[in-house]
Amino acid sequence: MMLIVAPHIMPNNYWLRIYTMSGLWVMLALGLNVVAGFAGLLDLAYVAFFGIGGYTFALLSSSQLNVHLPFILVLPIAAVFTMLIGITLGSTSMRLKGDYLAIVTLAFAQIFKLLLLNLDTPVNITGGVNGIFGFDPINFFGFRIISSVAYAYLIWFFAVGVTLGSFRIKRSRFGRGWEAIREDELAAEAIGVNTTWMKLMAFAGGAFIAGAAGALFASFQDSVFPNNFDFPQLVIVYCMVILGGLGNIPGVILGAVLLSILPEFLREYGAYRMMSYGLILIVLMALRPQGIMGEVGFLIRKKIRPDKDQTGRLRTSTELYYDENAKPLGISESKSQYAKSSLAVLELNHVTMDFGGIKAVDDLSLVLHEREILSVIGPNGAGKTTLFNLISGIYPPNVGSIYFEGREITGLKPHQVVKAGISRTFQNLRLFNKMSVLDNAKVGQFCRTSAGPLSILFHLPLHTKEENETDRKAKEVLGLFGARLTGYRFDQQAGFLSYANRRRMEIARALSTDAKILLLDEPSAGMNPQETIEITEFIKSLRDLFGYTILLIEHKLNVVRTISDRVIALDYGIKIAEGSYEEVANSEKVIEAYLGRKRQRVFS
Amino acid sequence: MEIYLQQLPQQLINGLTLGGVYALIAIGYSMVYGILGMLNFAHGEVYMIGGFAGWWVLHLLTRNNEVLISAALVISLMIIIAMAVSALVGVVAERFAYRPLRNAPRMNLLLSALGVSIFLQNLVLTYQGAKVRFFHIGALIPEGLRVIHIGPAVFSFMRALVIAVTFLLMGLLSVMIKRTKVGKAMRATAQDLEAASFMGVDVNRIIVLVFLIGSALGGAAGALVGLLFTQVDYYVGFQAGLKGFTAAVLGGIGNIYGAMLGGILLGLAEALAVTFLPSAYKDVVAFVILIVVLIVRPWGLVGEKMPEKV
Amino acid sequence: MKKAIIFALFIGILFCLTGPGYSADVKKGIHVGNAGAFTGDAAAPCMEIFNSAQIAVDEWNAKGGIQGVKIEHVMGDDAMDPAQGVNVAHKFVSDDLMYGVVGPPMSHIAQATLKIYGAADLATITTAASKPELTEQGYKHFFRVNARNDAHGWNCALFMKKNLNAKRVAVLNEKVAYCENMAKETIAGLKKLGITDIMQDTIVGGAKDYSAVLTKVKAYKPDVLFFIATTAPDQAIGVRQTKELGINTIFFGTEGARDKKDFIAAAEGAAEGAYVYHFAPDIYAISAADSYVKKFEGTYGTLSGFGPPSYEAMNILLTAIDQAAQDGDITRKEVVENLHKINNYKGILGFPITFDEKGDLEGGATYFFQVSGNDFKQITVMTGK
């Protein structure tokens, strides 16, 4: 309502323009927020995307090339064309990480600007330094947008659209996928998020919005010049997003509005204005690294006690958010037989992993049977974690092959391995610390869902169905851990959980991918004896009650003894023993590996 | 074709001088990145302030186009004071803008550096004005010595000086890093900041030292460029910073030999690009080279590939 | 939801924190604007424009202002960004006490803001925007005290042909609208005069090193090097490196180079014999300009070519406002009309100023100088013939 009235209560055209421009900045900042905020990618070509949109509009809607397409066509063309450029740039630079991505995109932005400046000879395309001006007025089915008020509506209409879209996408599998990537890219990939694809989607999404904003801006200014799309503009959008708080939508909007109004009060002071900008940036980064809104949001949240519900009633930790109709604790019906079988589900054939001369895993073959717990033991550096990395696809083996249920999975990417049905935990805890417990579990469902951006933005049935399913599954899996991970803890940040609960969360996250095989890397590390007994029981019940097949790395030998069906021992990447726990524990080679030569009966 | 060939010797000289300057700036970027993993956007301004400091020394020691003391002494003083002033600026920026953010996300650090850059640039604009300052080097070198003809090419005294000082400073730096205890501590800190601190390295001191050395070299570059191209103004930092940064990445950021190589290659590439293409495209060439190198060898020409730890 | 409403209200309030009243009474105050890039890499010439206009305003205020009202000179920094330039234009337009603007000095920003100032009848006098099309779009409010590129380009071509006997010309220009258009007009003129051996390339202004592109020029062996850059220091580097590289050619610089300190002195002898053109006679040779030059150099340091036209423009603007204020109130339309009526205004530029109906200077000429010793010697004046 405010937005509808606003253009009419603006005191004059100047403030009306600021109002309209701030709508445009909101749009731009939210677009950048998708790339930099949601997905955490340092995209410095963003301003070039803005420019590509602007110049696309300029070329298709003016006398420059004598092309006069209607706006209703040019706007989508500009947005989609920019998106395609974004995807092209993204796919060539996506394998670069962090700062390198920033550098390549910065170079791209510089090249873009130089081309704008120089593509007026030999053929005049961009108009060079003189830019392009005098565009066709926007015409929506006979309704012409010329007046400043009409532009204010038009631009804020899109700004509101982008805002709503941002909220929707944030609360979807996309939003969770991106957040997971931002928190820990490797863990995200290993839990089934197709990180390459998702990053590309973020790039494309940002470019799409920037392109559309560029077209709107060009029409609004009725001219485009290379200076419109230069480094200072990039800095301004970044400031808006970071001041507001990366990923925080209301914050980014506030940042955009503040930074488009504030300079107007300071325009008369020239260099002092820029100086104070610099100072504000430094001070703000030091005192409020999470952005202005990040801090405000934190204050608001603090008032609500996590152990109370909305009415102030104390929440019991046993109060689980169960769907009445959901089958309790049933992960999958097909796994309801508890008997072990001799069917091989995972096979490794002569697998070798060579790190520049050091063979972390050397010619290793092993077979994992359905509903079996196989423990891997061995001294530090024996290649146990490397084995997990090989199976889960983080490293492709140099030699050898890996089969899952008869299908070769050698060389698949981690998220494809997860999708096939193998998921893992990490020895050194790689939870998405800033995401809630529930969202951590929901990320696991990423590879089981397929809603695309359109389903999410328009809440099509596919999205709604999958969201409900994801929600149910995640709560179900967390429910396995009882009060530890349910009730008010659903909304708690994973990073605030106790150490043991974080270990449990790792397992819950792996379970939530609907995998058949779990690779558990030291699940009881750092736990006290009581907790260790509990987690041992739990792992056992995963096999006995739910039919999981489990490959376990464990140093606590009493755990290994209690639950293992079979044990293998590794040393220097070579399998030195295999068999029942007793057989392995009494093997000469194993004792040697742990303690050196000539020692008897260490394990009893 | 001939028209290109006859330019070539001169263009190589042009490229080499410019490349030396880029290399000096690049080292500052590279050292800071190597230790903190941070792109110090403010480094270009540190270079600019070095230029002003050098100008100020020359200005104070010149009366009516005559230097008050010997020219060699003036030049050394210019470089030394420029280094000192720049080092001070770098260290102060580290203390107040970067240290509080040591554990903050990368993007915050980047933004803080940007803040420092904007602040310094406009501070100079406010107190020094937008006017260009001139280095009246006529007082330093007699007319006859300014230009040396070598075949078809022309080599100026200042160019020789810049190249000599650049290589001298780079040589000193490598000796320091390779041979001294502090150098060892620096290398250790660059590899693993935490582990180095456990081994008794005073990490804060090393970081300050890195900013000090990096900024000092930037300052030296500022003064040398002043002597070479005879002008400095408050805006030179942006362009120079961008180029130095490109050079650092080209060679492999975090690696000082890479920075040296990257700088010189970049200078040569630009000079050659101007020879064969419209000169408006020389920066396009520079950035395309950068992108191609990064996509083929993301760790740069000299840098080492590091496998990610899981 | 509640949060959203509070949030929306907050933003709304931010927008409402403004709004001056409406009146045209002189006693309410008189504002004059100055639009330009006062930060960023063109700050040096733009600040000279601002400071010169400030001297004019101070002089008027010292004389008692207009109708006893002190004039307020408002800075509108656009940082060279057209979008911000439009913001500035709207800001000035919505200030009801704003009766005229000096600037914008850059052609692309002048273009982007033309419509806005035009719709509000707010007079603008630019001191540097020389793109010909600016005065060809039918706007009444737009004036310039500098000559158009097409006139200068033709005159420079003539000068090269007639006075410098050029047969082979190298044109280097900075990649900004002013220089780019100047190069285009000059090359068109040269071709018309039958000179076809022309090489053109660009320089990056402010980069401080042009030796690579000058080496290219050396290989081309031109008779004349026409070096088109905005500021004097850039031209000083150009002439200095031309000499250093031993290029045997006549150096011909543009308007910005007519600057004793930043061009002749800065080049330390390398500029001897070089030619430059300017749209006005030498400011130091004009006695009417003495007091202005003294004031400027006393407060702000050396003067280049950007200041005098700005001082002149502000004086003309204030004269027009003063005439409009005779009856106690002012309207912007009156100011525009008065500016059109300005006839043979004699200020400090050394030639009388009259605007034609498009807002261009009437009978603009190009003055050519040669560096001789520590001074410029006027060689000839071209008026297009």
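Not measured: the values here are computed from a predicted model. (Residues numbered from 1 in each chain as written. Chains lettered and ligands numbered in written order. Predicted model: local features only at pLDDT ≥ 70, side-chain atom pairs only at ≥ 80, totals over all residues.)

To continue, consider helix H12 (residues 271–287) of chain A. Compared with the 24 Å implied by 1.5 Å per residue over 17 residues, the 24 Å span of H12(A) between its first and last C-alpha is a close match. Of the surrounding elements, those touching the buried residues of H12(A) are helix H10 (231–244) of chain A together with helix H4 (71–98) and helix H5 (106–128) of chain B. (Helix = DSSP H or I, 4+ residues; strand = E, 2+ residues; numbered from the N terminus. Expected span 1.5 Å × (residues − 1). Contact = placed C-beta atoms within 7 Å.)

In this section: the interface of chain C and chain A. As a measure of interface size, the accessible area lost when the parts come together is often cited. Across the contact, 35 residues belong to chain C and 34 residues belong to chain A. Elements supplying a minimum of two residues to the side of chain C that touches chain A: helix H1 (2–16), strand E2 (71–77), helix H3 (82–94), helix H4 (107–119) and helix H6 (177–192) of chain C. It is H3(C) that provides the largest number of residues to the side of chain C that touches chain A, a total of nine residues. When grouped by side-chain class, the residues that make up the side of chain C that touches chain A number 19 nonpolar, 10 polar and six charged. (Nonpolar A, V, L, I, M, F, W, Y, C, P; charged D, E, K, R; others polar.)

With that settled, the discussion passes to the interface of chain A and chain B. Taken together, the contacts link 33 residues of chain A with 32 residues of chain B. Among the elements of the structure, helix H4 (71–93), helix H5 (98–118), H10 and H12 of chain A are those that each provide at least two residues to the side of chain A that touches chain B. The element contributing the most residues to the side of chain A that touches chain B is H12(A), with 11 residues. The residue inventory of the side of chain A that touches chain B, partitioned by class, reads 26 nonpolar, six polar and one charged.

Looking now at the pairing of strand E4 (residues 123–126) of chain C. Consecutive side chains along a regular strand alternate between the two faces of the sheet. Residue and element names in this part refer to chain C. Burial along E4 is two-sided: Ala 123 and Ile 125 and Thr 124 and Thr 126, pointing in opposite directions, are all buried. Relative to E4, strand E3 (residues 98–102) runs parallel, the two being bridged by three bridges. The partner of Val 101 across the bridge, within E4, is Thr 124. At this point the chain moves from E3, through H4, to the parallel E4, and the crossover so formed is right-handed. Examined bridge by bridge, E4 and strand E5 (residues 142–144) share three bridges and lie parallel to one another. Each residue of the ladder has a partner; that of Thr 124, found in E5, is Phe 142. (Buried ≥ 20, exposed ≤ 12 C-beta atoms within 10 Å, placed from the backbone. Pairing = 2+ DSSP bridges. Right-handed = clockwise from strand over helix to strand, strands pointing away.)

In this section: the sheet that holds strand E11 (residues 407–408) of chain A. Residues and elements named next belong to chain A. With respect to topology, four strands assemble into an open sheet ordered E8-E7-E10-E11, the strand pairing being antiparallel. In this open sheet, the two edge strands, each paired with only one partner strand, are strand E8 (358–369) and E11. When strand E7 (residues 344–355) meets strand E10 (residues 399–404), the two strands line up antiparallel, connected through five bridges. Within E10, the position partnered with Glu 347 by the bridge is Tyr 403. Contacting E7, E8 and E10, helix H14 (residues 384–391) crosses the sheet at an angle of about 65° to E8. (Axes fitted to C-alpha atoms, helices over the stretch in contact; angles between N-to-C directions.)

Quick look at the domain arrangement of chain A now. All names here are of chain A. Annotation of chain A at the domain level lists domain 1 (2–299) and domain 2 (342–595). Just the C-alpha atoms count here: the centres of domain 1 and domain 2 sit 41 Å apart. Opposite the 20 residues of domain 1 that make contact, domain 2 presents 29 residues. Among the secondary structure elements, those contributing two or more residues to the side of domain 1 that touches domain 2 are helix H6 (148–170), helix H7 (173–183) and helix H8 (185–190). The dominant element in the side of domain 1 that touches domain 2, judged by the number of residues it contributes, is H7, at seven residues. A per-class count over the side of domain 1 that touches domain 2 returns eight nonpolar, five polar and seven charged. (Domains from an automatic or database assignment.)

Here the focus is the nonpolar core. Residues A:Ala29, A:Tyr46, A:Met240, B:Ala220, B:Leu224, C:Leu317 and C:Ile321 are the most contacted members of the largest nonpolar core, which totals 442 residues. For this core, the leading source of residues is helix H2 (residues 13–38) of chain A, giving 18 residues. When residues no more than four places from it in sequence are discounted, the contact partners of C:Leu317 are C:Val32, C:Gly100, C:Val102, C:Ala123 and C:Ile125. (Core = buried A, V, L, I, M, F, W, Y, C linked by C-beta atoms within 7 Å.)

To continue, consider helix H9 (residues 195–221) of chain A. In this model H9(A) runs 38 Å from its N-terminal to its C-terminal C-alpha over 27 residues, within 8% of the 39 Å that 1.5 Å per residue would give. Looking one or two residues past H9(A), A:Asp222 carries a phi angle of roughly 60°, positive in sign.

Attention now moves to the sheet that holds strand E6 (residues 168–174) of chain C. Residue and element names in this part refer to chain C. Spatial strand order, E7-E6-E8-E9-E10-E11-E12: seven strands in an open sheet with mixed pairing. Every other strand in the sheet has two partners, leaving strand E7 (197–203) and strand E12 (375–382) as the edge strands with one partner each. Averaged over all pairs of adjacent strands, the angle between their axes in this sheet comes to 25°, without regard to strand direction. This element, H6, spans E6, E7 and strand E8 (224–228) of the sheet and lies at about 165° to E6.

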